[in-house]
Amino acid sequence: MKPLVPNGKLILIGGKEARKPENKVSDNNEQKADFDNGVLMEILKEVDENPVIEVIPMASEDQEEVGKMYIDTFAKLNQKANVIFMNNSKDANNPAFVERIEKADIVFLTGGDQKKLFKYLHESAVLKTIIQRYEYEDLVIVGTSSGAMVMGEHMIIAGESDEAVLKGLIDTEDAFNIIPNVVIDTHFLSRGRFSRLAEALLINNDDIGIGICEDTGVVITEGNKLRTIGSGTVVLMEGSNIKSSNYLYAKDKDPLFIENLTIHVLAQGAGYDLQRRKFAVLEKKMQVVH
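Keep in mind that what you see is a predicted model, and the values were worked out from it rather than measured.

**A few points about the environment of Lys 251**
- For Lys 251, the position within the fold is in the loop between strand 13 (244-245) and strand 14 (258-259).
- C-alpha separation for the pair Lys 251 and Leu 166, spaced 85 residues apart in sequence, amounts to 9.2 Å.

**Examining the packing of aromatic side chains**
- According to the stated counting rule, one finds 3 aromatic pairs in the structure shown.
- Plain terms: the ring middles of Phe 74 and Phe 108 are 6.1 Å apart, the flat faces sit at 85° to each other, and that makes the pair edge-to-face. Pair noted here: Phe 74 is in helix 3 (residues 63-76) and Phe 108 is in strand 4 (residues 106-109), with a separation of 34 residues, a long-range link. This pair shows no difference in class: Phe 74 is buried, exactly as Phe 108 is.

**Focus: the nonpolar core**
- Counting 46 residues, the largest nonpolar core has Leu 12, Ile 56 and Ile 210 as its most contacted members.
- The greatest single-element share of this core, amounting to 4 residues, is contributed by helix 7 (residues 125-136).
- Apart from the residues within four sequence positions on either side, Ile 210 is in contact with Val 182, Val 183, Ile 184, Asp 185, Leu 197, Leu 226, Val 234, Val 235, Leu 236 and Leu 274.
- Core analysis: the second largest hydrophobic core is formed by 22 residues, Val 39, Ile 53, Leu 77 and Val 140 among them.

**A word on the pattern of salt bridges**
- A complete count under the given rule lists 10 salt bridges for this structure.
- Note that Glu 46 and Lys 9 form a salt bridge whose closest N and O atoms lie 2.8 Å from each other. Linking Glu 46 in the loop between helix 2 (39-44) and strand 2 (53-56) with Lys 9 in strand 1 (residues 9-13), this pair joins segments that are 37 residues apart in sequence.
- Residue classification places Glu 46 among the buried residues on the basis of a relative accessible area of 14%.
- Residue Glu 137 is joined to Arg 133 by a salt bridge in which the shortest nitrogen-to-oxygen separation is 3.0 Å.
- The partly exposed category is assigned to Glu 137, whose relative accessible area is 38%.
- Because the salt bridges share partners, they merge into one network encompassing Lys 9, Glu 46 and Arg 227.

**Some points on the pairing of strand 16 (residues 270-273)**
- Burial along strand 16 is two-sided: the residues Ala 270 and Tyr 272 and Gly 271 and Asp 273 are all buried.
- As defined by bridge partners, strand 11 (residues 225-230) adjoins strand 16 across 3 bridges and the pair is classed as antiparallel. Each bridged residue has a counterpart across the sheet, and for Leu 226 the counterpart in strand 16 is Tyr 272.
- Bridging between strand 16 and strand 17 (residues 278-281) involves 4 bridges; their strand directions are antiparallel. Bridged to Ala 270 within strand 17 is Val 281.
- Connecting strand 16 to the antiparallel partner strand 17 that follows it, the hairpin turn spans 4 residues, and Arg 277 within it adopts a positive phi of roughly 55°.

**Quick notes on unusual backbone geometry**
- Located in the positive-phi region is Asn 181, a residue other than glycine, with phi close to 55°.
- Owing to a relative accessible area of 34%, Asn 181 belongs among the partly exposed residues under this scheme.
- Look at Asp 215: it is not a glycine, yet its phi comes out positive at around 50°.
- On the secondary structure map, Asp 215 appears in the loop between strand 9 (208-212) and strand 10 (216-221).
- Using a relative accessible area of 10% as the deciding quantity, one classes Asp 215 as buried.

**Focus on helix 3**
- Taking 1.5 Å per residue as the helical rise, helix 3 with its 14 residues ought to reach 20 Å, and the 20 Å between its terminal C-alpha atoms agrees with that figure.
- Along helix 3, the residues that are buried comprise Gln 63, Val 66, Gly 67, Tyr 70, Thr 73 and Phe 74. Taken end-on, helix 3 shows its buried residues confined to a sector of 130°, consistent with a single buried face. Opposite the packed face of helix 3, turned more than 90 degrees from it, sit the exposed residues Glu 64, Glu 65 and Lys 68.
- Phi turns positive, to about 60°, at Asn 78, one or two residues after helix 3.

**As for the sheet that holds strand 4**
- Pairing within the open sheet is mixed, and its 9 strands lie in the order 3-2-4-5-1-10-11-16-17. If you trace the sheet from one side to the other, it starts and ends with strand 3 (82-83) and strand 17, each paired once.
- Here strand 4 pairs with strand 5 (residues 140-144) via 4 bridges, running parallel. Across the sheet, the residue bridging to Phe 108 is Val 142, located in strand 5.

Criteria and thresholds
Residues numbered from 1 in each chain as written. Predicted model: local features only at pLDDT ≥ 70, side-chain atom pairs only at ≥ 80, totals over all residues. Heavy atoms only, no water. Helix = DSSP H or I, 4+ residues; strand = E, 2+ residues; numbered from the N terminus. Phe/Tyr/Trp six-rings, centres within 6.5 Å; stacked < 30°, edge-to-face > 60°. Buried < 20%, exposed > 50% of the residue type's maximum accessible area, 1.4 Å probe, protein only. Core = buried A, V, L, I, M, F, W, Y, C linked by side-chain atoms within 4.5 Å. Contact = heavy atoms within 4.5 Å. Salt bridge = Lys/Arg side-chain N within 4 Å of Asp/Glu carboxyl O. Pairing = 2+ DSSP bridges. Expected span 1.5 Å × (residues − 1). Arc of directions from axis to C-beta.

If you want it as structure tokens, here you go:
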């Protein structure tokens, strides 16, 4: 029987996590401090010491380069990381790779092409093992950029960015549905993706939109309790309260109006209950009382 709530953790990152120090200096301690401020160090705080990390760069065009980058990055944080190279559905059903997933503490899906990632991992033995261990054990699943976008019920594909909220900027397709009723976008403010996520909620009104900025993430426990980590902000949108919009009769590239799109902005110290759809201040000292 499937557990009522997952035992594992899901961590979604907005991309461009602090893989390199902002300022290259000769002092190793200063370099280490720069990494300490990034979201990757926050991930390591979610597990016991010396976790087994399996990086899956399947979505990337150059898996070897991306894999080496994460090996080097985690090494700078005094942590070993392994890489699983998979190119097709056959690889995603390889018993040797399944066995590695069974022994992992963290499974890390990198960025790239979310459609490719879904095509080859969906219904594979590797993904089924990941989800089973997330549900029944304490596996931490991490996705960054497109690796985060596939975790919701729906994912944005063929998306454009624009200042205005226009019809036809994006399409959506089914995703892994590890967290139901959610659609995720990444690199959110740096790439001007507000309009993409807003249209995604007009397409799927019941979804919650999670727009994650770079070097920022959300940790989701028990399948619905969300809190923010990293150096930036997270924008949450609720489409279920929308009262009116011209979306159905607007033509492609027409500007859209939306009444009552609910928006929350989260940073460290703030959280959100995905089931109850309720904002939470996690550190009381940060709460402003009017």
